[in-house]
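Listed here are the chains, written in short residue letters.
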Amino acid sequence: MSEAPQSETPPSDVPMGSEDGLRRRSWGLLITGGVGGTLVALYAVITPFIMPALRKVCLPFVPASSTQIENVLKMLQNRSGCLVDIGSGDGRIVIAAAKRGFKAVGYELNPWLVWYSRYRAWRDGVHQNTKFYISDLWKVSFSHYTNVVVFGVPQMMPQLEKKLEEELKCNARIIACRFPFPCWIPDHTIGEGIDTVWAYDLKTSNGCETKCLKMTPRTEF
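So, here is what we can say about the structure in this document.

Procedures and definitions
Residues numbered from 1 in each chain as written. Predicted model: local features only at pLDDT ≥ 70, side-chain atom pairs only at ≥ 80, totals over all residues. Heavy atoms only, no water. Buried < 20%, exposed > 50% of the residue type's maximum accessible area, 1.4 Å probe, protein only. Helix = DSSP H or I, 4+ residues; strand = E, 2+ residues; numbered from the N terminus. Contact = heavy atoms within 4.5 Å. Salt bridge = Lys/Arg side-chain N within 4 Å of Asp/Glu carboxyl O. Polar contact = N/O pair within 3.5 Å; in protein donor to acceptor, adjacent residues only side chain to side chain. Pairing = 2+ DSSP bridges. Right-handed = clockwise from strand over helix to strand, strands pointing away.

A separate point is helix α2 (residues 66-75). All of the buried residues in α2 are Gln68, Ile69, Asn71, Val72, Leu73 and Met75. Check the buried side of α2 and you find it contacts α3 (92-99), β4 (147-151), β5 (173-177), β6 (188-190) and β7 (197-201).

See the structure below:
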């Protein structure tokens, strides 16, 4: 009897050398995915910081110095009532005011800074006296605040001056840092250079006087 022919293993369709190519392609896909994920994460983190600079009125985040904070607190001496920081950044002013006994609120457009501010307030033990909101300042009414702190830029000050004049009550004090309001005459000033702080008091006398028409001599603390 003749022996049955032995079966042969069919040759593979993939050449032996192509296995290295498959590995390289796999690593390439992993690296591409990793780089893409990193770029997406960076975009999510950086975008809230960049977008304000692309708005019509640029309001970049510049942390308040310790001297600026002290000057603001001096302007708040003997004041009472609630306080709001317009463009609160990382929450330094709000937290410092809360430590002085104020119920303090911060409005900030950058969500990362708001979350960080909430963490700092919790860490410093003043979270019960502070609140931070992610909001555009032009969409917020400040009518129920008696102390207003503003870290603005020259482009926004005329419009903000008009908004606050329309909304605030007669016993309000507005504290401007770095840049003064264009029409109002400050009741008090303190500091010099970038640490200068201006305070504007609305008066209770037949309703609030228009600050741009009131020529109050500037006094120093």
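Moving on, we come to the pattern of salt bridges. Side chains carrying opposite charge are able to pair once their charged atoms draw close together. One pass over the structure, following the stated rule, counts 6 salt bridges. As a salt-bridge pair, aspartate 90 and arginine 120 come within 3.5 Å of each other at their nearest N and O atoms. Here the residue aspartate 90 occupies a position in the loop between β1 (83-86) and α3, and arginine 120 occupies one in helix α4 (residues 111-123), the gap between them amounting to 30 residues. Judged on exposure class, the residue aspartate 90 and its partner arginine 120 are both buried. A salt bridge links arginine 173 to aspartate 201; the shortest N-O distance between them is 2.6 Å. Placement of the pair is arginine 173 in strand β5 and aspartate 201 in strand β7, with a sequence separation of 28 residues. By the burial criterion, arginine 173 is buried, and aspartate 201 matches it.

So, about the side chain of aspartate 201. You can call aspartate 201 buried: its relative accessible area is 8%. One polar contact links aspartate 201 to arginine 173, side chain to side chain, over a distance of 2.6 Å.

Turning next to the pairing of β4. Of all 5 residues making up β4, 5 are buried, and the element is well covered by its neighbours. Judged from the 4 bridges that link them, β1 and β4 form a sheet pairing that is parallel. From the neighbouring strand, isoleucine 86 faces β4, where its bridge partner is valine 150. Bridge analysis of β4 against β5 gives 5 bridges, and the strand direction is parallel. Within β5, the position partnered with asparagine 147 by the bridge is arginine 173. In the classification by handedness, the crossover that spans β4, the intervening helix α5 (residues 157-167) and the parallel β5 is right-handed.

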